[in-house]
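Results of the structural survey
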Amino acid sequence: MNTSHHPVAIIGAGLGGLTAARVLHVHGIEAAVFDLEAGPEARTQGGMLDIHAQDGQKALHAAGLHDGFREIIHEGGQAMRLVGPDGTVHIATEDDGDGERPEVDRGELRDLLLNSLPDGTIRWGRKATGARPLGDGRHEVAFADGSAITTDLLIGADGAWSRVRPLVSAARPAYTGISFVETDLYEADTRHPRGAALVGGGFFISLGDGRGFLAHRETDGSLHVYTALRADEDWIDTIDFTDHATAKAAVLARFEHWDDGLRSLVADAETITPRRIHALPVGHRWDRVPGVTLLGDAAHLMSPFAGEGANLAMFDGAELASAVAAHPGDTEAALTAYEAALFPRSAASAAESAAGLETMFGEDGLERMTAFFTQGPAEA
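Residues numbered from 1 in each chain as written. Predicted model: local features only at pLDDT ≥ 70, side-chain atom pairs only at ≥ 80, totals over all residues. Heavy atoms only, no water.

**Quick look at the overall build of the protein**
- For the protein, the count of helices and strands is 12 helices and 16 strands.
- On C-alpha atoms alone, the protein measures out to a radius of gyration of 21 Å, which is about the 21 Å that the 2.2 N^0.38 rule sets for 380 residues.
- Oriented by its inertia axes, the alpha-carbon framework of the protein measures out at about 60 × 45 × 40 Å.
- Residue pairs at least 24 apart in sequence account for 72% of intrachain contacts in the protein once pairs closer than 6 positions are excluded.
- Averaged over its 30 positive side-chain charges, the protein has a centre that lies 5 Å from the centre of its 57 negative ones. (Helix = DSSP H or I, 4+ residues; strand = E, 2+ residues; numbered from the N terminus. Rg over C-alpha atoms; globule rule 2.2 N^0.38 Å. Contact = heavy atoms within 4.5 Å. Lys, Arg positive; Asp, Glu negative; His and termini not counted. Charge placed at Lys NZ, Arg CZ, Asp CG, Glu CD.)

**Some points on the packing of helix α7 (residues 244-252) against helix α8 (residues 260-267)**
- Packing of α7 against α8 brings their axes to within 9 Å, and their N-to-C directions diverge by 145 degrees. Both α7 and α8 take part in a crossing whose hand is right-handed. Of the residues in α8, those touching α7 at K248, V251 and L252 are R263, V266 and A267.
- Within the contact of α7 with α8, the residues separate by chemical class into four nonpolar, no polar and two charged. (Axes fitted to C-alpha atoms, helices over the stretch in contact; angles between N-to-C directions. Left-handed = near helix turned anticlockwise from the far one by under 90°. Nonpolar A, V, L, I, M, F, W, Y, C, P; charged D, E, K, R; others polar.)

**Let's talk about the side chain of S162**
- Tracing the backbone shows S162 in the loop between β10 (148-156) and β11 (174-185).
- Note on S162: relative accessible area 6%, which makes it buried.
- A distance of 3.0 Å separates a polar atom in the side chain of S162 from the backbone nitrogen of V164.
- Not counting the four nearest positions on each side in its chain, S162 is found in contact with L294 and A298. (Buried < 20%, exposed > 50% of the residue type's maximum accessible area, 1.4 Å probe, protein only. Polar contact = N/O pair within 3.5 Å; in protein donor to acceptor, adjacent residues only side chain to side chain.)

**Comments concerning a negative patch on the surface**
- Negative charge collects at one region of the surface, where D209, E363, D364 and E367 lie side by side.
- Topologically, E367 is positioned in helix α12 (residues 365-375). (Patch = residues over 30% accessible without salt bridge, like charges linked within 9 Å, V, L, I, M, F, W, Y side chains within 5 Å. Areas by Shrake-Rupley, 256 points an atom, 1.4 Å probe, with all protein chains shown as cover. Salt bridge = Lys/Arg side-chain N within 4 Å of Asp/Glu carboxyl O.)

**Regarding the environment of I29**
- Position of I29 among the secondary structure elements: in the loop between α1 (15-26) and β2 (32-34).
- When its relative accessible area of 23% is taken as the criterion, I29 is described as partly exposed.
- For the pair I29 and V8, spaced 21 residues apart in sequence, the C-alpha to C-alpha distance is 8.6 Å.
- Here I29 is in contact with V8, L24, V324 and A325, once residues within four sequence places are set aside.

**What to know about the packing of aromatic side chains**
- According to the stated counting rule, one finds nine aromatic pairs in the structure shown.
- With 5.0 Å between their ring centres and 80 degrees between their planes, F255 and W258 make a pair best called edge-to-face.
- Overall, the relative accessible area of 0% leaves F255 in the buried class.
- Residue class for W258 comes out buried when judged on its relative accessible area of 8%.
- Judged by centre distance (5.1 Å) and plane angle (70 degrees), the ring pair of F305 and F361 falls under edge-to-face. Note that F305 is positioned in the loop between α9 (297-300) and α10 (309-326) and F361 in the loop between α11 (331-360) and α12, a separation of 56 residues in sequence. (Phe/Tyr/Trp six-rings, centres within 6.5 Å; stacked < 30°, edge-to-face > 60°.)

And the structure:
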């Protein structure tokens, strides 16, 4: 087996892992990042993200990248519409430009982080298959290509189905009861004017009867739509999503009496992809294990209904890297300090996400979300 040693190894080149690597680099600490994808252009990186002042933007400040972040903000992206199943607009707000939660394209944000790292930091095409302790806080990680590494500090930033997590926790993500069907409508203003006019320039929500549509206007003028519904865990398996016409009909059968404009967000789409929503238990934590820790979804996978996933992953990465820099030569002190703040922070956000799911997809989701946006969380 081809084995190399790296003092700091980060498994996963998502936003959290890249932020950790960048902040370590800012402090003069070299890290090696390993990712299963073949390269940075291996796949599209998803839709829009709102980056919050209290966590995601703090991480970008720590990374020395906030100015670059400001340059990729989607102007107008903070606009929001909340619509009922009949197409009636209940809430419509414009982007006030306050900068508290500006929208950016996930791919552009990832590129900003990738381009801030020294050449060779990321080892592409390295799919982790497992990890094991070697004693004295050292670990070995094996990859699908037959190679392996050893490391003094192992950081699991490898997402929902983390191969590093079993070193510290037996917890596994559980299905939340919500399934998404993602669709894209390209060149929306010219090719899909009905959907474009309905969604508007920013974030769009339509809710009713335990289901709905969540959509963004992308920076390229497309619409990225998440059709969300309460469904059995095996519902997706009953549909052939390689047959777009059949898949669209199956999804639209769950929205039979909804407004035609809303239904067009599925009916007129060029792509259709299913995804189950999973979450780790609220308050997930672990006992201190020498030489290893987790960040982002590997640590606290939650449903997306508080908008905190990417923000927390980046903040985790920055906080972990800052803790390592603040405790030179004492990895355990750094990890103890990091996890002491991580656990209550992630528990609060996971609870908020779980509550958001119940609010949005309860029988009175539209009414409760209208109250949330007009009167605040306490009234909703």
